[in-house]
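Examination of the molecular architecture
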Amino acid sequence: MPVTDPTATGTTWSVRDGLATFDEPAVLLRNALDAVFTRWGTEAGARQQSYPPLLRAEDLRSLDYFRNFPHLGSPVTRIRPDRLAALAADPPGATTALPASELADATHMLPSAACYGCFLHLTGTSADMPVLITTVAQCFRNEDHHDGLRRLWGFTMREIVCVGSAEAVRTHLDRHQERILAFGAALGLILDRAPATDPFFEKDGARSVMQLLAPVKEEYLHTDGTAVASTNNHRNFFGERRAIGHAGRPAFTGCVAFGLERWVHVLGDLFEGDLAAAHRAVRQAGEVS
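Residues numbered from 1 in each chain as written. Predicted model: local features only at pLDDT ≥ 70, side-chain atom pairs only at ≥ 80, totals over all residues. Heavy atoms only, no water.

Structural notes on the overall build of the protein
Across its full length, the protein carries 10 helices and 15 strands. Long-range pairs, those at least 24 residues apart, make up 72% of the contacts in the protein between residues at least 6 apart in sequence. About 14300 Å² of surface is accessible on the protein, with carbon and sulfur atoms providing 53% of the total. (Helix = DSSP H or I, 4+ residues; strand = E, 2+ residues; numbered from the N terminus. Contact = heavy atoms within 4.5 Å. Areas by Shrake-Rupley, 256 points an atom, 1.4 Å probe, with all protein chains shown as cover.)

Here we look at the packing of aromatic side chains
By the definition in use, this model includes 14 aromatic pairs. Ring centres of phenylalanine 37 and tryptophan 40 lie 5.3 Å apart, and the angle between their planes is 70°; on these two criteria the pair is classed as edge-to-face. Of this pair, phenylalanine 37 and tryptophan 40 are both found in helix α1 (residues 24-43), three residues apart, which corresponds to roughly one turn of the helix. Residue phenylalanine 37 shares its accessibility class with tryptophan 40, and that shared class is buried. Both rings, one in tyrosine 116 and one in phenylalanine 238, keep their centres 6.5 Å apart while their planes meet at 75°; by these two values the pair is edge-to-face. A residue pair is termed long-range when its members are at least 10 positions apart, and tyrosine 116 in helix α5 (residues 115-121) and phenylalanine 238 in helix α8 (residues 237-241) qualify at 122 residues. Every member of this aromatic cluster is reached through a ring pair, and the members are Tyr65, Phe66, Phe69, Tyr116, Phe119, Phe237 and Phe238. (Phe/Tyr/Trp six-rings, centres within 6.5 Å; stacked < 30°, edge-to-face > 60°. Buried < 20%, exposed > 50% of the residue type's maximum accessible area, 1.4 Å probe, protein only.)

Looking at α1
End to end, α1 covers 28 Å across 20 residues, agreeing with the expected 28 Å (1.5 Å per residue, within 8%). Of all the positions in α1, only Ala26, Leu29, Ala32, Leu33, Asp34, Val36, Phe37, Thr38, Trp40 and Gly41 are classed as buried. A positive backbone phi angle near 100° is found at glycine 45, which sits one or two residues after α1. (Expected span 1.5 Å × (residues − 1).)

Brief notes about the pattern of salt bridges
With the rule as written, the count across this model stands at 15 salt bridges. The closest approach of N and O atoms between aspartate 34 and arginine 158, which form a salt bridge, is 2.7 Å. In this pair, aspartate 34 sits in helix α1 while arginine 158 sits in strand β9 (residues 154-164), placing the two residues 124 residues apart along the sequence. Aspartate 34 sits in the buried class, given a relative accessible area of 15%. Here arginine 56 ties to aspartate 59 by a salt bridge, and the two come within 3.4 Å at their closest N and O atoms. In this structure aspartate 59 comes out as buried when scored by relative accessible area, which is 16%. (Salt bridge = Lys/Arg side-chain N within 4 Å of Asp/Glu carboxyl O.)

A short note on the sheet that holds strand β15 (residues 252-259)
What the seven strands build is an open sheet, ordered β3-β8-β9-β15-β12-β11-β10; its pairing is mixed. Bordering the open sheet on either side are β3 (47-48) and β10 (192-195), each of which pairs with just one other strand. Relative to strand β12 (residues 227-235), strand β11 (residues 217-221) is paired through five bridges, and the arrangement is antiparallel. The partner of lysine 217 across the bridge, within β12, is asparagine 232. Contacts between α1 and the sheet are confined to β3, β8 (131-140), β9 and β15, with β9 contributing the most and set at about 5° to the helix. Relative to β15, helix α6 (residues 166-187) is tilted by about 20°, and along the sheet it contacts β8, β9, β10, β11, β12 and β15. (Pairing = 2+ DSSP bridges. Axes fitted to C-alpha atoms, helices over the stretch in contact; angles between N-to-C directions.)

Concerning the pairing of strand β1 (residues 13-16)
Strand direction decides the pairing type here: β1 and strand β2 (residues 19-22), joined by four bridges, are antiparallel. By the bridge assignment, tryptophan 13 is partnered in β2 with phenylalanine 22. What sits between β1 and β2 in their antiparallel hairpin is a turn of two residues, with aspartate 17 showing a positive phi close to 55°.

What about helix α9 (residues 260-270)?
In terms of burial, α9 is a largely internal element, eight of the 11 residues being buried. For α9, the full list of buried residues reads Leu260, Glu261, Trp263, Val264, His265, Val266, Leu267 and Gly268. Downstream of α9 by one or two residues, glutamate 272 has phi in the positive range, about 50°.

What about the environment of alanine 186?
With respect to the helices, strands and loops of the structure, alanine 186 is situated in helix α6. Along the sequence, alanine 186 and glutamine 284 sit 98 residues apart, while their C-alpha atoms lie 8.7 Å from each other.

Looking at the packing of α1 against α6
Here α1 crosses α6 at 150°, and the two axes come no closer than 12 Å. In terms of their interaxial angle, α1 and α6 are classed as roughly antiparallel. Two packed elements cross with a definite hand, and for α1 against α6 that hand is right-handed. On the side of α1, the interface is formed by Leu33, Val36, Phe37, Arg39, Trp40 and Glu43, while α6 contributes His176, Arg179, Ile180 and Phe183. Partitioning the contact of α1 with α6 into residue classes produces six nonpolar, one polar and three charged. (Parallel < 35°, antiparallel > 145°, perpendicular 65-115°, else oblique. Left-handed = near helix turned anticlockwise from the far one by under 90°. Nonpolar A, V, L, I, M, F, W, Y, C, P; charged D, E, K, R; others polar.)

Structure representation (structure tokens):
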């Protein structure tokens, strides 16, 4: 049986402090899921890309990250050079954490979503045709609590990103809304589509007011409330903030996101811990989705 207790250990996976370790059956299932979602992207015309594992805090500031999501952030820093000798002299077990006084100022952050690297990479570019990109990243969110694979500190996110006109983005999201629900149904999952409440936009801005009228993010929820995927319409926020152009105007952007460990969780639940059976089902459903 898969392990769902935040601190428990079993034969399939274990989770401690919001960080998961997978044994081979879970690794194979996660890889099979990622192969399906990657194929969806390439079939839509998306180019596969990867981005640096760290993001500059300066760049995230331009995206209102510290206004909207400071609680999720995981800063990356280094030990201060003048504290190296003193730290090395500490006896084993002297401390369980590095005090902030030992650390330099943080200039970089771990990504909390895979698409940030994409939009930062596209800064200052322009195209007349829609641009589609698929990417996968280890992402980190400093959640207020952990819950097995449902709510992790570090997790794997696959995204399919569309950059273009408002119509192109809407078509991209609509296509994948249908595909997510059909894939879930083929697996025997009941997924409920519901609006989410964590848009990229600053909370007191005009776009957040519009969010009340037309939700920009929708999640796909398993019966236990686990959000396994989402569709996100950023409108022209990233186009304006990062000078990404389409047909002479700030581009609209949207992305489809999949939390791979969450899919492993819901399939482990559905198949009562038989991840080999879940793996076979994903491969079969993936062929017709």
